[in-house]
Amino acid sequence: MRDSCQLALWVGPVQPAGAQVWGHGTVSLPRVFSAPPATRHRSPPAAPSPAMMAEEHTDLEAQIVKDIHFKEIDLVNRDPKNINEDIVKVDFEDVIAEPVGTYSFDGVWKVSYTTFTVSKYWCYRLLSTLLGVPLALLWGFLFACISFCHIWAVVPCIKSYLIEIQCISHIYSLCIRTFCNPLFVALGQICSNIKVMLRKEV
């Protein structure tokens, strides 16, 4: 069996408790700091392929179309943006009113109020039942045509006009700088030598 011998070294002049020293003195070693571990070089993430980008774009479009088609409708507040709040919200008091001194019989006034309210309510329901869906189809088709014309006709025409007018503006500014600027500078030099003296005679 081999005898194992362990040698302990410490840094600095202070001797740890329980340590044994061989020789005539202790050796003070300089303080050594270990370098931080080297970081492992990581390669940048690979760019997504066009097929993956196209697939993500298709999934996003499908999700948007699904959200539009299957969006829950609020059956309580049917005018969330208040587009008809002050236009077609008409009550009996907004249409018929009797000033002081021109009152009808109380029974006539009550029956008139009830007749107006009930007839307006049920007539609107009957008309919306008969014509609501056809008019919704008509307005949807109309606004689809407007969107189509705006996307495929109006915006390209405006863009082409801006491109052409930009070329014309460069030619116009070149002509102004070439012909008009020297003329105006000369006129300014001539007019700068004109002096006007005002004298008040008493």
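Placed above this text is the structure.
Calculation notes
Residues numbered from 1 in each chain as written. Predicted model: local features only at pLDDT ≥ 70, side-chain atom pairs only at ≥ 80, totals over all residues. Heavy atoms only, no water. Helix = DSSP H or I, 4+ residues; strand = E, 2+ residues; numbered from the N terminus. Areas by Shrake-Rupley, 256 points an atom, 1.4 Å probe, with all protein chains shown as cover. Phe/Tyr/Trp six-rings, centres within 6.5 Å; stacked < 30°, edge-to-face > 60°. Buried < 20%, exposed > 50% of the residue type's maximum accessible area, 1.4 Å probe, protein only. Lys NZ or Arg CZ within 6 Å of the ring centre and 35° of its normal. 1 Å grid on protein atoms, 1.4 Å probe; cavity = no way out; pocket = protein on both sides within 12 Å on 5 of 7 lines; lining within 4 Å. Points joined across faces, edges and corners; volume = space filled by probe spheres on them. Nonpolar A, V, L, I, M, F, W, Y, C, P; charged D, E, K, R; others polar. Patch = residues over 30% accessible without salt bridge, like charges linked within 9 Å, V, L, I, M, F, W, Y side chains within 5 Å. Salt bridge = Lys/Arg side-chain N within 4 Å of Asp/Glu carboxyl O.

Asker: Just checking my understanding: could you explain the overall build of the chain for this structure?
Answerer: When you go through the chain residue by residue, the secondary structure sums to 3 helices and 0 strands. Reading the chain from its N end, one meets helices and strands in the order α-α-α. For the chain, the accessible area works out to roughly 20500 Å², and carbon and sulfur atoms hold 67% of it.

Asker: Got a minute to help me understand the packing of aromatic side chains in this structure?
Answerer: Aromatic ring pairs are described here by two measures, namely the spacing of the ring centres and the angle between the planes. In this structure the tally under the stated criterion is 6 aromatic pairs. Note on Y121 and W122: the rings are 5.3 Å apart at their centroids and 85 degrees apart in plane angle, and the pair reads as edge-to-face. Its relative accessible area of 41% is what places Y121 among the partly exposed residues. Since its relative accessible area comes to 53%, W122 is described here as exposed. One aromatic cluster in this structure is built from F92, W109, Y113 and F116. Above the plane of the ring of W122 lies R125, whose end atom (NZ or CZ) is 5.9 Å from the centre.

Asker: Help me understand the layout of surface pockets in this model?
Answerer: Here the idea is plain: a probe the size of a water molecule rolls over the atoms and shows the empty space left. Taken as a whole, the largest pocket encloses approximately 1000 Å³ of empty space. Considering the residues around the largest pocket, the lining is formed by 19 residues, among which R78, D79, N84, V88 and Y124 are closest to the centre. Taken together, the residues of the lining of the largest pocket break down into 8 nonpolar, 3 polar and 8 charged.

Asker: Can you walk me through a nonpolar patch on the surface in this structure?
Answerer: The grouping of L126, L127, L130, L131, L135, L138, W139, L142, F143 and I146 at the surface amounts to a nonpolar patch, some 990 Å² of accessible area in total. Structurally, the position occupied by L126 is in helix α3 (residues 106–192).

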